[in-house]
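A structural walkthrough
Below are the chains, spelled out letter by letter.
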Amino acid sequence: MAHQGVRYWTVKQVGRWLREEGFCDYVDLLCNKHRLDGTSLLTLTEYDLRSPPLELKVLGDIKRLMVSLRKLQKQNADVLEELGFAHDGHSPQGSAAPSEQAKGRRGKEKLPQFKRKRPREEPRLKKGNPSSSGGEWLCNGESVRDCDSVDALGGEPYQYSNGKHKQQSRRLDPEYWKTVLSSIYVVFVFGFTSFVMVIVHERVPDMRTYPPLPDIFLDSVPRIPWAFAMAEACGLILCNIWLLVLLLHKHRSILLRRLCSLMGTVFMLRCITMFVTSLSVPGQHLQCTGKIYGDMWAKLQRAVAIWSGFGMTLTGVQTCGDYMFSGHTVVLTMLNFFVTEYTPRSWNFIHTLSWVLNLFGIFFILAAHEHYSIDVFIAFYITTRLFLYYHTLANTRAYQHSRRARIWFPMFSFFECNVNGPVPNEYCWPFSRPTLLRRLIG
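Residues numbered from 1 in each chain as written. Predicted model: local features only at pLDDT ≥ 70, side-chain atom pairs only at ≥ 80, totals over all residues. Heavy atoms only, no water.

Glancing now at helix α16 (residues 373-396). Taking 1.5 Å per residue, 24 residues should reach 34 Å; α16 reaches 35 Å between its end C-alpha atoms and fits that length. All of the buried residues in α16 are D375, V376, A379, I382, T383, T384, F387, Y390, H391, L393 and A394. Among the structural elements, α12 (252-276), α14 (327-341), α15 (348-367) and α18 (410-416) are those in contact with the buried residues of α16. Of the residues trailing α16, R397 is marked for its positive phi of about 55°. (Helix = DSSP H or I, 4+ residues; strand = E, 2+ residues; numbered from the N terminus. Expected span 1.5 Å × (residues − 1). Buried < 20%, exposed > 50% of the residue type's maximum accessible area, 1.4 Å probe, protein only. Contact = heavy atoms within 4.5 Å.)

Examined against the element boundaries, P282 turns out to sit in the loop between α12 and α13 (296-308). For the pair P282 and P212, spaced 70 residues apart in the sequence, the C-alpha separation amounts to 4.9 Å. Setting aside its immediate chain neighbours within four residues, P282 contacts P212, L218, Y323, H369, E370, H371 and Y372.

One way to put it is that helix α11 (residues 227-248) packs onto α14 with a least axis distance of 9 Å and a crossing angle of 30°. In terms of their interaxial angle, α11 and α14 are classed as roughly parallel. The crossing of α11 and α14 is left-handed. On the side of α11, the interface is formed by F228, A231, E232, C234, G235, L238, C239, I241 and W242, while α14 contributes H328, L332, L335, N336, F338 and V339. Of the residues belonging to the contact of α11 with α14, the class tally is 11 nonpolar, three polar and one charged. (Axes fitted to C-alpha atoms, helices over the stretch in contact; angles between N-to-C directions. Parallel < 35°, antiparallel > 145°, perpendicular 65-115°, else oblique. Left-handed = near helix turned anticlockwise from the far one by under 90°. Nonpolar A, V, L, I, M, F, W, Y, C, P; charged D, E, K, R; others polar.)

Let's shift gears to the packing of aromatic side chains. Within the structure shown, the criterion is met by 16 aromatic pairs. Residues F338 and F387 carry aromatic rings whose centres are separated by 5.2 Å and whose planes lie at 80° to one another, so their mutual orientation is edge-to-face. With F338 in helix α14 and F387 in helix α16, this residue pair connects regions lying 49 residues apart in the sequence. The two residues F338 and F387 agree in class, both being buried. Here the aromatic rings of F363 and F364 are separated by 5.8 Å at their centres, their planes lie at 55°, and the arrangement is tilted. Residue class for F363 comes out partly exposed when judged on its relative accessible area of 35%. Looking at F364, the relative accessible area reads 10%, which means it is buried. Of the aromatic side chains, those joined through ring pairs into one cluster are W242, F337, F338, Y342, W355 and F387. A cation over an aromatic ring shows up here: K178 above the ring of F414, its NZ or CZ 4.8 Å from the ring centre. (Phe/Tyr/Trp six-rings, centres within 6.5 Å; stacked < 30°, edge-to-face > 60°. Lys NZ or Arg CZ within 6 Å of the ring centre and 35° of its normal.)

Right, let's talk about the side chain of H369 for a bit. Inspection of the secondary structure puts H369 in the loop between α15 and α16. At a separation of 2.8 Å, a polar atom in the side chain of H369 contacts the main-chain carbonyl oxygen of V221. Dropping the residues within four chain positions of it, H369 is found in contact with L218, V221, P222, R223, P282, G283, H285 and L286. (Polar contact = N/O pair within 3.5 Å; in protein donor to acceptor, adjacent residues only side chain to side chain.)

What follows deals with unusual backbone geometry. In the segment running from P52 into P53, the intervening peptide bond is cis, with an omega of 5°. Within the secondary structure layout, P53 lies in the loop between α4 (46-50) and α5 (59-75). Of the consecutive residues M324 and F325, the connecting peptide bond is found in the cis state with omega at 10°. Secondary-structure assignment places F325 in the loop between α13 and α14. A positive phi is found at E175, a non-glycine position, where the angle reads about 45°. Counting through the fold element by element, E175 comes out in the loop between β5 (165-168) and α9 (176-202).

Right, let's talk about the environment of F364 for a bit. Structurally, F364 is set in helix α15. When the C-alpha positions of F364 and M230 are compared, they lie 6.6 Å apart, and in sequence the two are 134 residues distant. The residues touching F364, leaving out its near neighbours within four places in the chain, are W226, A227, F228, M230, A231 and C234.

See the structure below:
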């Protein structure tokens, strides 16, 4: 195909050139989806191929396509200069070079240079007279204005094989509608859990036939009557700390969505475990007998009472049979991990307080003889593993490259598909007009 009129190529002609160069697999992506014409083809860079929205994954294809593009750019150096791009042997740069430098480079062929990575703290000047180039500095090969504009987006550095750094834009869309869906999901799971607790209470084993199982901790530590109330008090304090963090966090919608999806998933698993296996009551002080509710309406009323009271004894809710595994431990641990994850590492007091409340809450649950030790241990293990697995996948975006992850965690892939990378701990005032609150306070 002749190259004299590349800048006037249509999308179809660009597709024909790609096929001639052996890149048939990318015609649909580049031409049909992103409508690359001749001008945009000449200004295409390796960074464009690697970063969104293209995000080519095959390194060999990226390198071979760049070789073909550089040949095309070399043959159309005058067109690139006219468009405001300077061909330096690699790819078009983001700003026009001085005319003196362009003349000096014209007609000279440069091989790709693999440079050692330069730290961001040591920017270097452009070649030539700074005054003639506007006094711009280069930051890892890019002008300061380009680096700053990307940093403002919260980009993550991406290192190429030649040592250069580019920035990948980070998308942190709040997507409030997904947060609403996750909230509906967790509310439904809590309601379903309450109904399962009613069913389990009907099947609780008779204490005269099935006495408490042997437990090293419960057999060694005497029961403390007020301990379970203290465990719930620890949970309430943790909940208030988390609500304050959530209120002031800049990305509160993403945080709430993650909490709801994780909490709902763990409690859905709890519904299965406590329904499948009915353990005997862990202590003689628990006067639990199987309650038979007359009809479905009576069961639903009892489930609503448990749901509205958040399953807490402080609100007057008393349940039996829901032992495997501890729901109180799940809530304490989940709140602790969210508080410590989404607050800066320098907030040592908040992190220490959060862990103390979590561990003391677990101790009080056991000291009250309301759960077996295995109930608490499994609850802590499952909650921490799911939290760490979720955030590891979300922060590394590993699920994008794993079909297995998308199959086994479809809800996770749905909620996190537009969250690009770790969520930074940034805080802002939640109200658009703080003066309104000042007026209310007086």
